[in-house]
Amino acid sequence: MKLYLSVRQVLCILWAVLASTSVSCDPPVIDDSLIIKGGKGLRRTLLDEATAPSRLVAIADLHGDYDNAMRTLRLSSLVDEAGAWVGGDTHLVQTGDLMDRGPNSTALLDLFVRLKKEASDVGGQVTCLLGNHELMNLQGDLRYVNKHELVYIGHQMSNAGGRREASPKEVWRELFAPSGLYGS
């Protein structure tokens, strides 16, 4: 059985869910003047043209590959050769899975935190969504963490600041714990 919902129905469902939580929000308003043509027929959009970014760029599944992430960001004209934000008021959405597999997951997390601030300073926006790999790290599931990065970060952090000797997995889990550097 297939279920088809209109945009209005989906927004009403989302609003009902949000209204039942501690998040405060107003009911969705669909302005019939904001209609764009796309796909089959007409679709409604909630973007107010006055506040819409000049560009929306979505990037997915970087999986700890810093070099390819930088290539992608440069190709999208979001960063310069030094890695600084040049995207102006562009809204960059990273759709999850920055983590795991590649050897530079923490470097990518640090990069996106920095880009978020740089973009905000000039009217842009960076939004990072949690993917399954981020959730696994937050839950302490390290099956897909790159072993070389795990050992390197584990030893680097456990030897810093006179900390007790800890296993790389213990250190990694501390970094992604709710009170850790990447857990908050």
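What counts and how
For every chain, the first residue of the written sequence is number 1, and numbering continues from 1 along that sequence. Thresholds applied to this predicted model are a pLDDT of at least 70 for local features of residues and 80 or more for the giving and counting of side-chain atom pairs; totals over whole chains, interfaces and linings are not thresholded and use all residues. Only hydrogens and water are removed before side-chain values are computed, so all heavy atoms of the structure are retained for them. One confidence number per residue, pLDDT, is output by the predictor and ranges from 0 to 100. Going along the chain from the N terminus, every DSSP run of H or I of four or more residues is numbered as a helix, and every run of E of two or more is numbered as a strand. The contact definition used throughout considers only heavy atoms, calling two residues in contact when any of these lie within 4.5 Å. Only when DSSP finds a minimum of two bridges between them are two strands counted as paired. For every element, the axis is a line fit to its C-alpha atoms; helices are fit only across the contacting stretch, and the angle between N-to-C directions ranges from 0 to 180 degrees. Basic side-chain nitrogens of Lys or Arg form a salt bridge, by our definition, when they fall within 4 Å of a carboxyl oxygen of Asp or Glu. Relative accessibility under 20% of the residue-type maximum defines a buried residue, over 50% an exposed one, and the middle range a partly exposed one, all with a 1.4 Å probe and only protein chains included. By convention a crossover is right-handed if, when the strands point away from the viewer, the path from the first strand over the helix to the second runs clockwise.

(A) Region of interest: the confidence of the model for the protein chain. When pLDDT is averaged across the protein chain, the result is 79; 68% of the residues are at 70 or more. Helix α2 (residues 66-75) holds the highest mean pLDDT among the elements of the protein chain, 97, whereas strand β2 (residues 42-44) holds the lowest, 43. Overall, residues 20-28 carries pLDDT values under 50, and its contacts beyond four positions in sequence, including any with other chains, amount to nine contacts. Below pLDDT 50 for its whole length, residues 30-46 participates in 22 contacts with residues either more than four positions away or in separate chains.

(B) Layout of the sheet that holds strand β3 (residues 56-59). Pairing is parallel across the open sheet formed by three strands, whose spatial order is β3-β4-β5. Both edges of this open sheet fall to β3 and β5 (125-128), since each of them pairs with a single strand only. Averaged over all neighbouring strand pairs, the angle between strand axes comes to 15 degrees, with direction disregarded. When strand β4 (residues 91-94) meets β5, the two strands line up parallel, connected through four bridges. Looking at β5, one finds that Val93 is bridged to Thr127.

(C) Summary view of unusual backbone geometry. At His63, a residue that is not glycine, the phi angle is positive and equals roughly 45 degrees. In this structure, His63 sits in the loop between β3 and α2.

(D) Region of the structure containing the pattern of salt bridges. For the coordinates displayed, the defined rule picks out four salt bridges. One salt bridge in this structure joins Arg74 and Glu81, with 3.7 Å as the shortest N-O distance. Residue class for Glu81 comes out exposed when judged on its relative accessible area of 69%. Between Asp121 and Lys117 there is a salt bridge; the shortest N-O distance is 3.1 Å. Separated by four residues within a single helix, Asp121 and Lys117 lie in helix α3 (residues 105-121), roughly one turn from each other. Taking relative accessible area as the criterion, Asp121 reaches 54% and is therefore assigned exposed. Judged by its relative accessible area of 53%, Lys117 falls in the exposed class.

(E) Expanded view of the pairing of β4. Burial along β4 is two-sided: the face carrying His91 and Val93 and the face carrying Leu92 and Gln94 are both buried. With respect to chirality, the unit in which β3 leads through α2 into the neighbouring parallel β4 is right-handed. Handedness of the crossover joining β4 and β5 through α3: right-handed.

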